[in-house]
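Each chain, written out:
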Protein chains: 2
Amino acid sequence: MTRLLVEQKVLSENQRIAAELREQFRQNSVFCLNLVSSPGSGKTSLLERTLEAFPDHTRVAVLTGDVQTENDARRLSRFGFPVRQITTGGTCHLDARMVEKHLADWSLADLDMLLIENVGNLVCPSSYDLGEHAKVVLLSVTEGEDKPLKYPSIFVKSELMVLNKLDLLPYVPFSVERARENARRVHPGIEIIEISCITGEGLDHWLDWLRSNWRRNFATSSAYAHKETE
Amino acid sequence: MTRLLVEQKVLSENQRIAAELREQFRQNSVFCLNLVSSPGSGKTSLLERTLEAFPDHTRVAVLTGDVQTENDARRLSRFGFPVRQITTGGTCHLDARMVEKHLADWSLADLDMLLIENVGNLVCPSSYDLGEHAKVVLLSVTEGEDKPLKYPSIFVKSELMVLNKLDLLPYVPFSVERARENARRVHPGIEIIEISCITGEGLDHWLDWLRSNWRRNFATSSAYAHKETE
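Below, the structure is looked at part by part.

Cut-off values and rules
- Residues numbered from 1 in each chain as written.
- Chains lettered and ligands numbered in written order.
- Predicted model: local features only at pLDDT ≥ 70, side-chain atom pairs only at ≥ 80, totals over all residues.
- Heavy atoms only, no water.
- Least-squares fit on C-alpha atoms with pLDDT ≥ 70 in both.
- Contact = heavy atoms within 4.5 Å.
- Buried area = accessible area lost by both parts, 1.4 Å probe.
- Salt bridge = Lys/Arg side-chain N within 4 Å of Asp/Glu carboxyl O.
- Polar contact = N/O pair within 3.5 Å; in protein donor to acceptor, adjacent residues only side chain to side chain.
- Helix = DSSP H or I, 4+ residues; strand = E, 2+ residues; numbered from the N terminus.
- Nonpolar A, V, L, I, M, F, W, Y, C, P; charged D, E, K, R; others polar.
- Axes fitted to C-alpha atoms, helices over the stretch in contact; angles between N-to-C directions.
- Parallel < 35°, antiparallel > 145°, perpendicular 65-115°, else oblique.
- Core = buried A, V, L, I, M, F, W, Y, C linked by side-chain atoms within 4.5 Å.
- Buried < 20%, exposed > 50% of the residue type's maximum accessible area, 1.4 Å probe, protein only.
- Expected span 1.5 Å × (residues − 1).
- Arc of directions from axis to C-beta.
- Pairing = 2+ DSSP bridges.
- Phe/Tyr/Trp six-rings, centres within 6.5 Å; stacked < 30°, edge-to-face > 60°.
- Disulfide = S-S within 2.5 Å.

### Quick notes on the relation of the copies chain B and chain A
Relative to chain A, chain B is turned by 180° and slid 0.0 Å along the rotation axis, the superposed coordinates differing by an RMSD of 0.0 Å. Look at the turn and shift together and you get a two-fold axis relating the two. Of all interface residues in chain B, 100% are interface residues in chain A too; the two copies therefore contact each other through one and the same surface.

Encoded structure:
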C-alpha cells in the first residue's frame, strides 16, 4: 500500500462533499436514506420488499455498496428502478465521494428518493456522512440484543432502528424488549420498527415511516405526496 | 479528531509488534487464535462452549475485543480461566499493540493457548495481524451464503471457517453447499467445520481441530498433548 491516508483530512474532505450532496438533494427535493447494519442483517431484503411495494412510476433509485460482487445490484434491478452497485474493493464503508461519483450521470431532478445501502459493517459507516437525510440501522434478532451497547455510535447516529427477522424469534434467545431498551439507552430518541422480510410483518409500518419522513422533508415539493392523492 | 493517522505507518508498525508477539508466543509455546466474524455470528458463544469443554487445569486465556462494554469478558470469566476485555472505544478492529498491552502482566510461560475474540467486523480485522498462528472466521447461517464472495479478504486470510447456528437451518434460506463453494472459491485451501453452539452439533470437530492444530504447532513442547495422555 503506497497511498498515505490522513484520517482527519479524509473525514473533513468527506464532510465537504457530503454537504454538497445534501445541498443537491435539497435543491432537487430528493429524500435520501443511508441503510447501515452488520453483514447479513437484511438490508438488501428490506430494499427488495420496499421496491416491490412501490408503484411503477415511483421516482426512486438505489445505490448499493459492497466490498466485492455486484450481487445486490442484480437482486435489486429486477424491480425496474435504477440501481447501481458501488464496489469499494476493500474499503469498509461508503464515503461521500463514492456516492457523488456513482450519481454522476443520474439526473437528481428525475428522482424523489435515493436509497443507499452501505457496506455491511456496524462500526465504520457511522463516521462517514453521505449527505443523507437520515441513517437507518437494521438489527437482526439473530445478532443478539446487546449490539446497540457494543456498537453505540451507529445507533446514536441513526433516526430509526429496524429490528428484522422477527420470524426467527421463536428459535433464538432474543428479547425484543431488551433490544429496545438497549437502543434507547444509547439513543433515547431513536424510533424502532419491528419487521420480517419473510412474512411481511411490520413492513406497512416501515413504508408508513418512509412516506411520512419523506413528506416531512419535502412538505410542499414532494411528487410522492402529490401522487398519493391522485 | 486531532490525531493524524497515516495508514501505511500504522500497518507497518502493527506488523512490527505482531512479529514480536509471534516470537513471544513461539518462545513460550503458546498457541494463539484470532477469531473474527460479523457482529452476532457467535464468537462469544463458541468460546463459552470451548472453555466449558476444557479440563480445569487447561492453561488457556482469552482476550475479547469490543468497541464498548465488558459484557463478553463477564460472560466468559465464569469458566474460571483468565479473561480480559479489550474495549477499543470506537476502533473497528483489534491491533497488535492492544494485544501486547493487555497481555502485559500475564506470564505467557503459564499459558498453552491464547484465544483472541476480535471486534465484530467482517472487513477491518483482516488487515491487522495480531501475531496469531491462525485466524478463524465464523459465519452464521442467518447471514447468507454469499458473504465469502462479498468480504473475501477475511476468508482468504483464515485457516478455518466455522459455519455456526446450524440449528437455524430449517428456518432460513441458506445453502450449506453454496456457502462451502463460495468460501473455497475465494480460498481453496480453507478448512470448514459446521456447528451449532445451541445443540452442540459439530463442536467435537471444532475441539478436534483445536487439539490437532495446537499439536501441529508445538509437536514437542505442548503441555496439552502431554496432559491428554495422562
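Still more ground to cover, so stick around.
### So, the interface of chain B and chain A
Every contact between the two is made by 38 residues of chain B and, on the other side, 38 residues of chain A. Taken over both partners, the interface formed by chain B and chain A buries close to 3200 Å², and the fraction arising from carbon and sulfur atoms is 61%. Scanning the region where chain B abuts chain A turns up four salt bridges. Ionic pairing is found between D66 of chain A and K150 of chain B, a salt bridge with its closest N-O pair at 3.4 Å. One can count eleven residue pairs in polar contact (both at pLDDT 80 or more) joining chain B with chain A. Of all the secondary-structure elements, those providing two or more residues to the side of chain B that touches chain A are α1 (7-27), α3 (71-77) and α5 (147-150) of chain B. Split into classes, the residues belonging to the side of chain B that touches chain A amount to 18 nonpolar, eleven polar and nine charged.

### Observations regarding the packing of helix α2 (residues 43-53) of chain B against helix α8 (residues 203-217) of chain B
Helix-helix packing: each pair is described by the crossing angle between the helix axes and the interaxial distance. Residue and element names in this part refer to chain B. Interhelical geometry of α2 versus α8 gives an angle of 70° and a closest axis separation of 11 Å. Relative to α8, the element α2 is oriented roughly perpendicular. For the pair α2 and α8, contact is made by L46, R49, T50 and A53 and by L203, W206, L207 and L210, respectively. Taken together, the residues that form the contact of α2 with α8 break down as six nonpolar, one polar and one charged.

### Describing the nonpolar core
Ranked by internal contacts, the top residues of the largest apolar core, which has 88 residues, are L103, L114 and M161 of chain A together with L103, L114 and M161 of chain B. Once you skip the residues sitting within four places of it in the chain, L114 of chain A turns out to touch F25, V30, F31, C32, L33, A61, V62, L63, L103 and W106 of chain A.

### Regarding helix α8 (residues 203-217) of chain A
For an α-helix the count is 3.6 residues per turn, leaving residues at separations of three or four pointing the same way. All names here are of chain A. A rise of 1.5 Å per residue sets the reference length of α8, with its 15 residues, at 21 Å; its end C-alpha atoms lie 21 Å apart and thus fit the reference within 8%. All buried positions along α8 are accounted for by L203, W206, L207, W209, L210, N213 and W214. Projected down its long axis, α8 shows its buried positions confined to an angular sector of 155°, all on one face.

### Considering the pairing of strand β5 (residues 134-140) of chain A
Taken residue by residue, a regular strand's side chains alternate between the two faces of the sheet. Residues and elements named next belong to chain A. Of all seven residues that make up β5, seven are buried, and the element is covered over most of its length. Judged by which residues are buried, β5 turns out to be covered on both faces: A134, V136, L138 and S140 on one side and K135, V137 and L139 on the other are all buried. Sheet analysis places strand β1 (residues 31-36) next to β5, joined by four bridges and oriented parallel. Residue pairing across strands places L33 opposite A134, the latter belonging to β5. With six bridges connecting them, β5 and strand β6 (residues 158-164) associate as parallel partners.

### Points about the packing of aromatic side chains
Each aromatic ring pair is characterised by the separation of its centres together with the angle its planes make. Counted by the stated rule, this structure contains five aromatic pairs over all chains. Ring centres of Y171 of chain A and Y171 of chain B lie 3.4 Å apart, and the angle between their planes is 5°; on these two criteria the pair is classed as stacked. Pair noted here: Y171 of chain A is in the loop between β6 and α7 (176-186) and Y171 of chain B is in the loop between β6 (158-164) and α7 (176-186), and the two residues belong to different chains. By relative accessible area, which is 36% here, Y171 of chain B ends up partly exposed.

### Points about the state of the cysteines
Summed over the entire model, instances satisfying the criterion amount to zero disulfides over all chains. No disulfide involves C197 of chain B; its sulfur sits 20 Å from that of C32 of chain B, the nearest cysteine.

### Some details on the packing of helix α1 (residues 7-27) of chain A against helix α4 (residues 96-103) of chain A
Residue and element names in this part refer to chain A. Across the interface, α1 lies against α4 with an axial gap of 8 Å and an inter-helix angle of 40°. Between α1 and α4, the interaxial angle falls into the category oblique. Facing E13, N14, R16, I17, A18, E20, L21 and F25 of α1, the residues of α4 in contact are A96, R97, V99, E100 and L103.

### Looking at the pattern of salt bridges
When their charged atoms lie close together, side chains carrying opposite charge are able to pair. Residues and elements named next belong to chain A. Following the criterion strictly, the structure yields 36 salt bridges over all chains and no others. Among the ionic pairs, E13 bridges to R16, the shortest N-O distance being 3.0 Å. With a gap of three residues between them, E13 and R16 both fall in helix α1, about one helical turn apart. By relative accessible area, E13 is classed as partly exposed at 29%. According to the relative accessible area criterion, R16 is partly exposed, its value standing at 41%. A salt bridge links D129 to R22; the nearest nitrogen and oxygen atoms lie 2.8 Å apart. Of this pair, D129 sits in the loop between β4 (113-117) and β5 while R22 is found in helix α1, placing the two residues 107 residues apart along the sequence.

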